[in-house]
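# Per-entry structural report
Listed below are the residues making up each chain.
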Amino acid sequence: MDHRDILTRFKNGDLGREQAAALLTGARPGPAAGDAPLTTAVAGPRAAVSQPPPARALTTAPAGGGPPAPAEGYAITALHGRFPDADGLDAFWHTAVLGGHDTGRRTEGSPGIADGFDAVFFGLTPQDAALMDPRERILLEVLWQTLETAGCTGARLDTLTAADGEPRGVGVYVAHGPVPSPGHGHGHGHGGSGAGLPARLSALLDLRGPGHCVGGEASFLVALHQALSALRAGECGAALVGAVGPRPGPSPRHPADGEGAGAVLLRPLAAALAAGDTVHAVVRATAVAHPGHRAPDAAAGRLARRTLAAAGVTAAGVTLRETEATAAATTGATGAATGLAALVRAVLQLRHGTLLPAPGDSSAVPWARSYDDETGRERPRRATVAVHPGTGAAAAHVLLEEPPRRGPVPAPGPAGPAGAASGSGQLVLLSAPTPEHLAATARRFADRALPSDGVTDGVSDGVTDGTRDDWPSVAALARELRLGRAVRDCRLAVVVRDTGELAAALRAFADGPDSAATGGPGAGVRHADLRGAQGPGVLCGDLPETRAYLAALWRGHRLDALARLWLAGVDVTAADTAGAAPVLPLPTSALLRRPLPEAGHPRTDEPTPS
């Protein structure tokens, strides 16, 4: 039978779904539809997509075997990464498009991932930070930056709840390299033990979900697999999955080895879409196993079959395959971050609709769309990410799919998010742990997310589409800062009418916080340092009457009163009742990294901004 006969018989009910799938892929069908095997081959990086059978409802393979349980998929709502010669995903994509390492993409002042640490930002003393394993410090940074990229370090973080309603229900799953020997980094009396790492990171970030630490080359994908299990069980509302390379410095074999670090944030797809989250890709299915006495290639084939069967697709429906080999072509050997690098490559190709250069090729090519011959419907782009270490280590397989298309987002009305009248100003609030951080964050925000003389380069944190043609309204920017950012002790408030006015005000403040006295662009910026404040403050934020009062101020557009309360120590963001809106990607907060003290050596106080 040819493909048309098979599809006709399937449509008429003469063939079961699995029998049709097996015949279409060239496998031998079994006596029952449920026994029909799927092919083990996965199409190469540039293979054309042929006709898959009609897809089943999205499923994920249960750990205990048996038929897969229905599920809807899991969204990657944020990703952040730092790799050799690529301090950020924009630089990573540029390097990958060129087909290899590109040392020229490191911008002046952008440090390697182990160059100093901003202890003050995370509420640590330099002495305590110096006792941490360097990789723990790196993970702390990238997990925070991933949450900020998702807009989930402020009021929005409290909406990520576990099944029991506990706020800040975010799991922490990390892939960690070998534990260093004593004397080469210790973790608060834990000797740098990887087993306690998720608990320590959760405590520092005040996250209240489960966690686990995994080792090995495939450990990031294994950690991702475990995070999905916790999400399915309702143990958390979202999960951070992070990884850091096996050592904080270069190795003799490859100058850039060991510098990989990054994280992704996962949420159930339906919840992410309802909340307006950015969805970079959808995790359709995962599979993890040890090979036992079998050859690694045999285990790889088994995992491919399990993953494809769980998602209800065939190998012909997958165009792209990323592995440890393709990741190494861009990043070098990154140990526990190998799976992260492979997944980042896959997600960026899905997002940009571009296939990166294959071995032996010199340029990237557009990722052509394919269509179902029977229905004429466009097929979603799909990619697999697989890491198969040698004997004795777990192997993992992940199936990704491009995000579902959304309808146009309605533009905010002239009233803005808080009942403002047409043409009136918007209250923009910023905060940071110290005045130095506040000034650096104001400059970073003005330079990276706001127009400057008509020329911009777009948001450089997270995943971007390059230069922006249409800037979001100042109302949208102000609202995102209120809902998406943590409230700290050093605060800034300014009322502006447009993004150009905001950019000028923030730059003037960064140049000199006391510029208000000069009557220049920063004249309307008010700021306060509350680090030494004592007592309960002017309002008790836990009372429902306080929240009702603040909500009434937002509805009435009483911006001066809200600004004064904000600068007096009141968290006015918690009472913003504007409702749900799409998450707006913004630059992450400035980190002021400093060298940490060593035994017998004083600390250098000159910060390195990032």
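Check the secondary structure of the protein and you find 16 helices and 18 strands. Within the span of the protein, comprising 610 residues, buried residues form 54% of the whole. If you sum the accessible surface of the protein, you get close to 25,100 Å²; carbon and sulfur atoms cover 53% of it.

On to helix α11 (residues 338-352), then. Counted at 1.5 Å a residue, the expected span for α11 with its 15 residues is 21 Å, and the 21 Å between its end C-alpha atoms agrees. Burial analysis of α11 places 13 of its 15 residues in the buried class, the great majority of the element. Trailing α11 by a residue or two, G353 shows a phi angle of about 65 degrees, which is positive.

Let us now look at the sheet that holds strand β14 (residues 426-432). Read across the sheet, three strands follow the order β14-β15-β16 without closing on themselves; strand pairing throughout is antiparallel. Whereas interior strands pair on both sides, the edge strands pair on one side only; in this sheet they are β14 and β16 (526-529). Each strand axis lies, on average, 15 degrees off the axis of its neighbour in the sheet, ignoring direction. In this structure, strand β15 (residues 490-496) lies alongside β16, joined through four bridges in antiparallel fashion. The residue bridging L492 from the neighbouring strand is H527, located in β16. Most of the contacts of helix α16 (residues 559-567) go to β15, to which it runs at about 170 degrees, and overall it touches β14, β15 and β16.

Right, let's talk about the sheet that holds strand β12 (residues 382-387) for a bit. Strand order in the open sheet formed by nine strands is β5-β4-β6-β7-β3-β8-β13-β12-β9, with mixed pairing between adjacent strands. Looking at strand neighbours, the two that pair on one side only are β5 (211-214) and β9 (320-323), the edges of this open sheet. Pairwise comparison of adjacent strand axes, ignoring direction, gives a mean angle of 25 degrees for this sheet. Two elements, strand β3 (residues 74-82) and strand β8 (residues 281-289), share three bridges in a ladder whose sense is antiparallel. Within β8, the residue paired with I76 across the bridge is A281. In the packing of helix α5 (residues 134-149) onto the sheet, the strands contacted are β3, β4 (170-175), β6 (238-244) and β7 (261-268), and the crossing angle to β3 comes to about 130 degrees.

Moving on, we come to the environment of H176. Within the secondary structure, H176 is located in the loop between β4 and α6 (197-205). Placed 41 residues apart in sequence, H176 and E217 show a C-alpha to C-alpha distance of 9.3 Å.

The rules behind these values
- Residues numbered from 1 in each chain as written.
- Predicted model: local features only at pLDDT ≥ 70, side-chain atom pairs only at ≥ 80, totals over all residues.
- Heavy atoms only, no water.
- Helix = DSSP H or I, 4+ residues; strand = E, 2+ residues; numbered from the N terminus.
- Buried < 20%, exposed > 50% of the residue type's maximum accessible area, 1.4 Å probe, protein only.
- Areas by Shrake-Rupley, 256 points an atom, 1.4 Å probe, with all protein chains shown as cover.
- Expected span 1.5 Å × (residues − 1).
- Pairing = 2+ DSSP bridges.
- Axes fitted to C-alpha atoms, helices over the stretch in contact; angles between N-to-C directions.
- Contact = heavy atoms within 4.5 Å.

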